[in-house]
Amino acid sequence: MNLLFRNRKISGLLAIVPENQRTFEEEMDQFDFPKARSLKLKRVMGYDRHRVVKGEVCASDFACYGLDRLFQEGLLARDGFDAMVVVTQSPDYLMPPTSFVIQGQLELREDIFCLDINQGCAGFIVGLFQSFLMLDQPSISRVVLINVDVLSRKVSPKDRNSYPLIGDACSIAIIERGEEISPIYANLKMDGRRREALMIPAGGLRLPASSATAVLESDGDHNYRALDHLRMNGLGVFNFVQSEVPPMIQDLLRSSDTPLQELDYFLMHQPNRFMLQKIADALQLPYEKMPSNVVEKYGNSSGVTIPIAIADNLRTQVVRQGLKCCLAGFGVGLTWASMLIQLGPLNFCDLIEYP
Amino acid sequence: MAFGLTVSQTASWFAAGEHKLETVANVLQSIRPEADFSSSSNFISDGLLDSFDIVTLVSELDRTFNVSIPGIEIVPENFSSIPAIEILLQKHLPQ
């Protein structure tokens, strides 16, 4: 479906990554693969470093740390927002929602609309949709959109296909009504028939976590995972992205009558370097317009890779000027979504570390 | 069958001085040095290439032949044998 929003803007952005950094070389011995084969893949996929939490850090810990920082620095008032949307696939609990944990932990007021969304790699865009819609209410003038995942805790350390790429991270975006600069055009598609392409089979009520679901099993290809761990049909997801994402972006440009050359940046979800380069080739985009350094510096943190791409690559630009950007996210569900939006000038844009 | 070709096909391709065929074989061997591609009729179903090997193979083929194999064509059947890879490459090599 096509979506259109007017008078909405992102006014501030903070990305938070764990201080703990691990390199692919440090972890290579834990995988059951010849080193030479792994090193070839490192070059292609962009395996290098990733940021993962130490111990039992949860989504709300990350979010509270980031919000506290904003309160302390006077960038957001404790009572200065009316809704909090938390997008995560790694909630603290099945119930209550993580947004309530954050609200309670930070002793925020009761007159606040707390909402969790279970979304992954398209989660920044889906979260923006929800935040923009909330601002239709006169009593809501500012929304805090939190994207957060600690999926390293749900990926097998013996899964060479996923573990080296996964990253933990959080982002906090401030969403407000804004003057009409240009409409925000977007589109969204979802396909639950392909839901098993990316899933964590156990831990819900369909298959409760147990000692049996924690047993590591070989996938027949030297990767070992339990039913408690994230599973991905790698080639299936790759084909989904390559067949759906370039046409989705072309549709968005066509329906909004926006020439591709008019855009300053294409900020995609970043699963791996190879996938992004193939999308860029399909759209005939110069690589410099599509930052692809997030996965090699921080890892794939699902819905947080787009905010990190902004904070890491564009932070000095977006606080000074407006940039015409195309955002695109794709992943679990399956979900694919894109958006044309002017980013900036923001009140703040920063990237900090969680100790 | 050798490299997914009949013996006579292999012989005729090499006899024709088909350098590309040899190069593809070398690229495959560099990715999986321990694998015996010459006795396989289907690299995927025989377990010689997994999805991540295909990604590595595409990257090597792109680099070696100076092409960009479109993402939409990165499906297992296009990498199941040397002729399949050859057909894919032919579509994207400059004429």
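Thresholds, definitions, all that
- Residues numbered from 1 in each chain as written.
- Chains lettered and ligands numbered in written order.
- Predicted model: local features only at pLDDT ≥ 70, side-chain atom pairs only at ≥ 80, totals over all residues.
- Heavy atoms only, no water.
- Helix = DSSP H or I, 4+ residues; strand = E, 2+ residues; numbered from the N terminus.
- Contact = heavy atoms within 4.5 Å.
- Areas by Shrake-Rupley, 256 points an atom, 1.4 Å probe, with all protein chains shown as cover.
- Buried area = accessible area lost by both parts, 1.4 Å probe.
- Salt bridge = Lys/Arg side-chain N within 4 Å of Asp/Glu carboxyl O.
- Polar contact = N/O pair within 3.5 Å; in protein donor to acceptor, adjacent residues only side chain to side chain.
- Pairing = 2+ DSSP bridges.
- Axes fitted to C-alpha atoms, helices over the stretch in contact; angles between N-to-C directions.
- Core = buried A, V, L, I, M, F, W, Y, C linked by side-chain atoms within 4.5 Å.
- Buried < 20%, exposed > 50% of the residue type's maximum accessible area, 1.4 Å probe, protein only.

I'd like a rundown of the overall build of chain B, residues and numbers included.
Counting its regular elements, chain B contains four helices and zero strands. For chain B, the α and β elements follow one another from N to C terminus as α-α-α-α. In chain B, 55% of the contacts between residues at least 6 apart in sequence involve partners at least 24 apart. Of the accessible surface of chain B, which amounts to about 4300 Å², a share of 55% is contributed by carbon and sulfur atoms.

Lay out the interface of chain B and chain A in plain terms, naming residues and giving numbers.
With 22 residues of chain B at the contact, the number on the chain A side is 19 residues. When chain B packs against chain A, the two sides together hide about 1800 Å² of surface, and 60% of this comes from carbon and sulfur. For the interface between chain B and chain A, the tally reads two salt bridges. Its salt-bridge partner being Asp62 of chain B, residue Lys278 of chain A comes within 2.5 Å of it at the nearest N-O pair. The tally of links from chain B across to chain A stands at five residue pairs in polar contact (both at pLDDT 80 or more). Counting only elements with at least two residues in the side of chain B that touches chain A, the list comes to helix H2 (19–31) and helix H3 (51–65) of chain B. Looking at the side of chain B that touches chain A element by element, the count peaks at eleven residues for H3 of chain B.

Mind laying out the sheet that holds strand E14 (residues 265–268) of chain A, listing which residues take part and the relevant values?
Residues and elements named next belong to chain A. Spatially, E1-E9-E16-E15-E14 is the arrangement adopted by the five strands of the open sheet, whose pairing is mixed. The open sheet terminates on both sides in strands that have one partner only, identified here as strand E1 (2–5) and E14. Strand-to-strand, the axes of this sheet are offset by a mean angle of 20 degrees, without reference to chain direction. In this structure, strand E15 (residues 323–331) lies alongside strand E16 (residues 335–343), joined through nine bridges in antiparallel fashion. Pairing of Cys325 across the sheet is with Ile341, part of E16. Those strands touched by helix H5 (residues 123–134) are E1, strand E9 (184–190), E15 and E16, and its axis lies near 65 degrees from that of E16.

Just give me the short version of the nonpolar core, but keep the residues and values in it.
Ranked by size, the top nonpolar core spans 70 residues in total, and within it Ile249 and Met268 of chain A together with Leu61 of chain B carry the most contacts. Considering each element in turn, this core owes the most residues, ten residues, to helix H6 (residues 234–255) of chain A. Sequence-distant contacts of Met268 of chain A, that is, excluding residues within four places in its chain, are made with Ile249, Leu276, Ile279, Leu283, Met290, Thr305, Ile306, Ala328 and Phe330 of chain A. Val87, Leu135, Ala169 and Ile310 of chain A belong to the second largest nonpolar core, which has 49 residues in total.

Talk me through unusual backbone geometry; I want residue IDs and the actual numbers.
Residues and elements named next belong to chain A. Met95 connects to Pro96 through a cis peptide bond whose omega is 5 degrees. In this fold, Pro96 is placed in the loop between strand E5 (83–87) and helix H4 (98–105). Going from Gly344 to Pro345, the amide bond is cis rather than trans, its omega being 0 degrees. The residue Pro345 is located in the loop between E16 and strand E17 (348–354) in this model. Of note, Asn7 is a non-glycine position whose phi angle comes to about 55 degrees, a positive value. Relative to the assigned elements, Asn7 resides in the loop between E1 and strand E2 (8–18). Of note in this structure, Asp257 is not a glycine but carries a positive phi near 55 degrees. Considering the arrangement of structural elements, one finds Asp257 in the loop between H6 and E14.

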